[in-house]
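# Secondary and tertiary structure notes
Read off the chains here:
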Amino acid sequence: MPTDGESMDTLRDRLLRVEAELEKRNDRVKRLEKEIERLQQQIQEAQGQPAVDFSEMEEALKRLLTRVVMILAASKALFMVSDTKTGELFADTPAIGFEDADVRRLRIKDHLGISGEVFRENQPVILYDAEADDRAAEEQWSRLGIRNGLCVPLVIEKRDEETNAVIERRTFGVLWVFNKKFGNAFIAEDVQLLTRMSRNAAAIINAAETFKILVKERDEALETIESLSMGLIMVNTNQRITQMNHSALRIFGLTKEDLAGGRTYDAVIKDEKVRELLRRSLEEDADVSAEVPLTNPDNPDHSHTFQVQSATVRNEIGEAIGSATIFNDITEIKNVDKMKTAFVSTVSHELRTPLTAIKGFISTLVQDTEGFFDNNTRHEFYTIIDTECDRLRRLIDDLLNVSRIEANAALEMNLTKFNLRETLDKVIAIQSGSTYKKENHSLSWEMSPDVPTEIEADQDKIEQVFHNLIGNALKYAPGGGPVQVTGKLLPGGEMLEFAISDRGIGMSDAFLKKVGEKFARADNRDTRTIGGTGIGLFLVKAFVEGHGGRMWPHSEGEGKGSTFFFTLPLNPNADGRDGNLGSRVAG
Ligand code: ADP
């Protein structure tokens, strides 16, 4: 999905080019269809049958080849057409006296074999002995049961409408007949006969082949449009929808059947704003764009924002023949935008709170020139200032770490051995002084005996992990209750697992999936009144993963408390895991 205006524009340009190309091809296919129809009619009329469809044309070709075979007293016939892209001659159905699969396999470079010679030199060639003739080695005719043959070029001529003089002559393939009956060989008379008959055949074969190629190209272009992740609607000047891809149908909760019979957009699309855009794109003959919110038909409670862009589609001579409109889902981009705005305001708020406290206490102390406050009170003020400064420092450290991770810079790991239980005591002592710690909160830890006294890790980062998780446990359990930290050695003896649990506001299933994403904050009545930046868990996850561990949350649901688990390798240098340490951490 494009993320900025520029790539949106390029994408749109590309799409419009595909559209215009498709329209051109459609025109060419339509013209050809008419031409073929006319040809078909001529053939069919001669045979007293009405024209029906493409397979009828194949039938007509088959009859023509059968007649050629009969007249020349041959047993088999096939034609080969040049593929200018690959520089090859390839055989196509129908053919007489061959299996279809053998025909489709037949492909040679257009300068090789007798076919290549006839195509290049534009001269007929008689093949007298398929096995003995060196020129035919390339084609290996004898493998297909061929003894002898005759090959003539297939030429298409363009004539001047008034004078009927030939103004262009182009060889596009070759026509073969094989195995002259009664053991005879092909002779000069056969060459003349086949050359004459090939003129009629060439017109039909050329039309049929061009038609097939165009249909194939059109189908490929249609498939590309179908598989686009953005919605696409094409409307012609009669307001009828000529194209609506899979994504567009999904956006509007429609099926292909809803469009059957060439419905107008007014009859199919309910959204007033979209209709207005489509109307303007047709009437004003100008490119229009807008952001449109549309409800998700599968989930009516959810709305998606689409960047809708319409452009006029023109034919070869520049006349407007309709409009192409794309629908690009920008809901995610919008959400990130909103999140950024919310982040800036929460960070400002989070910075201001400790600053206000620091400023307040310092001003009070500065104004106390008379020594009104006793030593104990002053000490209490200094402690508050000290705690608030720590809080400020932690917030700034968090922000710096996020930007480091975002810049994909390596998270430096300073591995040391330190006493885990003492670290927990220290973190819990600090958290006990937190403003979120209420009277009825209890804070405790319990490590199973198999957890070693000293562990090897980055002490600062592990301290911060415990600070964030214990701090959150207190913060998101405003009603109090026990906050417990437990630890154990996992079976296998290589990993330690820790859990921090609370009896607080819990988390919904939907939010559990987002935990650890940058700026992710649950949006509910409780969290709206509790300040936060949504970067604590993002850092916890990054720090834990930086050690080669994993972090995951658990909650039975909102109001049912939460537990955060994380693992750490017991010996980070063992089994080559140090490759993980000090290395990049995915943002
Ligand atoms: P912050 O607390 O600054 O918003 P965090 O990254 O630490 O950022 O947490 C992200 C979000 O995860 C919180 O806003 C909250 O919605 C949810 N959360 C974190 N810890 C808990 C918890 N113990 N109980 C319930 N929700 C939690």
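Residues numbered from 1 in each chain as written. Predicted model: local features only at pLDDT ≥ 70, side-chain atom pairs only at ≥ 80, totals over all residues. Heavy atoms only, no water.

## Comments concerning the overall build of the chain
Here is the rule: Note on conventions: DSSP H or I runs of at least 4 residues are helices, E runs of at least 2 residues are strands, and numbering of each starts at the N terminus. Each residue gets one of three labels from its accessible area relative to the maximum for its type: buried under 20%, exposed over 50%, partly exposed in between, using a 1.4 Å probe on protein chains only. Each accessible area is a Shrake-Rupley estimate made with a 1.4 Å probe; only the visible protein chains count as cover when residues are assessed.
Scanning the chain for helices and strands turns up 15 helices and 18 strands. Counting the 587 residues in the chain, one finds 44% classified as buried. With the model as given, the accessible surface of the chain reaches about 31600 Å², and the carbon-plus-sulfur share is 49%.

## Side note on the site of the ligand
Filter applied, for reference: Throughout, near means a residue has at least one heavy atom within 4 Å of the molecule or strand. Nitrogen and oxygen atoms within 3.5 Å of one another constitute a polar contact, given that in protein one can donate a hydrogen and the other can accept it, and given that sequence-neighbouring residues count only through two side-chain atoms. Note on residue classes: Ala, Val, Leu, Ile, Met, Phe, Trp, Tyr, Cys and Pro are nonpolar, Asp, Glu, Lys and Arg are charged, and everything else, Gly too, is polar.
Near the ligand, the surroundings consist of 21 residues, among which N472, Y476, R521, T533 and L537 are the closest. Within the side chain of N472, a nitrogen or oxygen atom sits 2.8 Å from an oxygen atom of the ligand. Between the ligand and S562, the relevant distance is 3.1 Å, taken from a nitrogen atom to a side-chain nitrogen or oxygen of the residue. Burial of the ligand by the protein chains amounts to 97% of its free accessible area of 520 Å². Those elements that provide at least two residues to the shell around the ligand are α12 (459-475), α15 (536-546) and β18 (562-569). No other element matches the 3 residues that α12 contributes to the shell around the ligand. Residues belonging to the shell around the ligand are distributed by class as follows: 10 nonpolar, 8 polar and 3 charged.

## Describing the nonpolar core
Applied cut-off: Side-chain atoms within 4.5 Å link the members of a nonpolar core, which is a set of buried Ala, Val, Leu, Ile, Met, Phe, Trp, Tyr and Cys residues. Only heavy atoms matter for contacts: two residues are in contact if any of them lie within 4.5 Å across the pair.
Counting residues in hydrophobic clusters, the biggest one holds 47 residues, and the most contacted among them are L420, F466, L469, I470, F498, I500 and F566. Excluding anything up to four places from it in sequence, I500 contacts F466, L469, I470, A473, Q484, V485, S562, T563, F564 and F566.

## Points about the sheet that holds strand β15 (residues 481-489)
So the rule is basically this: Should DSSP find at least two bridges between two strands, the strands are taken to pair. Lines fitted to C-alpha atoms define the axes here, with helix axes fitted over just the stretch in contact, and angles between the N-to-C directions of these axes take values from 0 to 180 degrees.
An order of β13-β15-β16-β18-β17 is seen for the 5 strands of this open sheet, with the pairing classed as mixed. Both edges of this open sheet fall to β13 (441-447) and β17 (551-555), since each of them pairs with a single strand only. When the angles between neighbouring strand axes are averaged without regard to direction, this sheet yields 15 degrees. By the bridge criterion, 7 bridges tie β13 to β15 in an arrangement that is parallel. For M447, the partnering residue across the bridge sits in β15 and is G487. Relative to the sheet, helix α11 (residues 420-432) contacts β13, β15 and β16 (495-502), its axis offset from that of β13 by approximately 175 degrees.

## Quick look at helix α8 (residues 272-283)
For clarity, the cut-off: Helix span, expected: 1.5 Å multiplied by one less than the number of residues in the helix. Taking the helix axis as origin, the arc is that swept by the directions to the C-beta atoms.
Its 12 residues place the ends of α8 16 Å apart at the C-alpha level, agreeing with the 16 Å of an ideal helix rising 1.5 Å per residue. For α8, the set of buried residues is V274, L277, L278, S281 and L282. With its buried residues spanning 130 degrees around the axis, α8 presents them on a single face. Exposed residues on α8 whose side chains face more than 90 degrees from its buried face are E272 and E283. Structurally, the start of α8 carries an N-cap: the backbone nitrogen of K273 is 3.0 Å from a side-chain oxygen of D271.

## Things to note about the pattern of salt bridges
It is possible for side chains bearing opposite charge to pair when their charged atoms get close. The condition that has to hold: Every case where a carboxyl oxygen of Asp or Glu lies within 4 Å of a side-chain nitrogen of Lys or Arg is listed as a salt bridge.
All told, the structure shown has 22 salt bridges when counted by the stated rule. One salt-bridge network, in which partners are shared between bridges, spans E117, D133 and R135.

## Focus: the packing of aromatic side chains
Within a pair of aromatic rings, the relevant descriptors are the distance that separates the centres and the angle that separates the planes. Selection rule: We call Phe, Tyr and Trp rings a pair once their centres come within 6.5 Å, taking the six-membered ring for Trp, and we label the pair stacked below 30 degrees between planes, edge-to-face above 60, and tilted otherwise.
Tallied over the full model, the rule gives 12 aromatic pairs. When the ring of F361 is compared with that of F381, the centres are 4.9 Å apart and the planes differ by 55 degrees; the resulting orientation is tilted. Here F381 lies in helix α10 (residues 375-406) and F361 lies in helix α9 (residues 331-367), a separation of 20 residues in the sequence. Under the relative-accessibility criterion, F381 is labelled buried at 11%.

## So, the pairing of strand β2 (residues 88-96)
For a regular strand, side-chain orientation follows a simple rule: the groups alternate between the two sheet faces. Along β2, 9 of the 9 residues are buried, which leaves the element largely enclosed by surrounding structure. Examined bridge by bridge, strand β1 (residues 76-83) and β2 share 6 bridges and lie antiparallel to one another. What sits directly across from F79, in β2, is D92. In this antiparallel pair of consecutive strands, β1 and β2, the connection spans 4 residues, and G87 shows a positive phi of 65 degrees. Two strands pair when backbone bridges link them, and β2 and strand β3 (residues 107-109) are joined in this way by 3 bridges, in the antiparallel orientation. Bridging from a neighbouring strand, E88 pairs with K109 of β3.

## Comments concerning the environment of T195
Locating T195 in the fold gives a position in helix α5 (residues 188-227). Accessibility expressed as a relative area gives 26% for T195, which makes it partly exposed. Sequence separation between T195 and P124 is 71 residues; the distance between their C-alpha atoms is 8.0 Å.

## Description of the sheet that holds strand β6 (residues 166-178)
The strand order β3-β2-β1-β6-β5-β4 describes an open sheet built from 6 strands, whose pairing is antiparallel. Of all strands in the sheet, those with a lone pairing partner are β3 and β4 (125-127), marking the two edges. Mean inter-strand twist for the sheet, computed between neighbouring axes without regard to direction, equals 30 degrees. Sheet analysis places β4 next to strand β5 (residues 149-159), joined by 3 bridges and oriented antiparallel. The partner of V125 across the bridge, within β5, is C151. Of the strands in this sheet, β1, β2, β3, β4, β5 and β6 touch helix α4 (residues 113-121), which is tilted by about 160 degrees from β6. Sheet strands touched by α5: β1, β2, β4, β5 and β6. Its angle to β5, the strand with the most contacts, is close to 55 degrees.

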